[in-house]
Amino acid sequence: MKLGDHRLTLLFFALTIGVFLVMGSYFPKELAVPLEGSAIRPVLLLEFASQPSHLVNIFGEANDPPARGAD
């Protein structure tokens, strides 16, 4: 097969779909939802933050107690 062969493209397409299906069933669906009260995913919130107040809304104040994983 040459690099520009349509069969190679179809093979890569099928492999990509297969990986998506396997990973979609492996990772829990709860991790794919936005934060409560927000229509934007957390990564997008961080990318669109343009003021320090936006970062405070995402991460909280410096003296806030940790929300999770602080054992």
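Because the structure is a prediction, the values reported are computed rather than measured.

Re the overall build of the protein chain
- A count of helices and strands for the protein chain gives three helices and zero strands.
- In sequence order, the protein chain lays out its α and β elements as α-α-α.
- Counting all 71 residues of the protein chain, 3% fall into the buried class.

Some details on a nonpolar patch on the surface
- A contiguous nonpolar patch, built from Phe13, Ile17, Val19, Phe20, Leu21, Val22, Met23, Tyr26 and Phe27 and spanning about 980 Å² of accessible area, is present on the exposed surface.
- Positionally, methionine 23 belongs in helix α1 (residues 6-26).

Structural notes on the confidence of the model for the protein chain
- With 68% of its residues at a pLDDT of 70 or more, the protein chain has an overall mean of 76.
- The lowest-confidence element of the protein chain is helix α2 (residues 42-48), averaging 73 in pLDDT; the highest-confidence one is α1, averaging 90.

Conventions used here
- Residues numbered from 1 in each chain as written.
- Predicted model: local features only at pLDDT ≥ 70, side-chain atom pairs only at ≥ 80, totals over all residues.
- Heavy atoms only, no water.
- Helix = DSSP H or I, 4+ residues; strand = E, 2+ residues; numbered from the N terminus.
- Buried < 20%, exposed > 50% of the residue type's maximum accessible area, 1.4 Å probe, protein only.
- Patch = residues over 30% accessible without salt bridge, like charges linked within 9 Å, V, L, I, M, F, W, Y side chains within 5 Å.
- Areas by Shrake-Rupley, 256 points an atom, 1.4 Å probe, with all protein chains shown as cover.
- Salt bridge = Lys/Arg side-chain N within 4 Å of Asp/Glu carboxyl O.
- pLDDT = per-residue confidence, 0-100.

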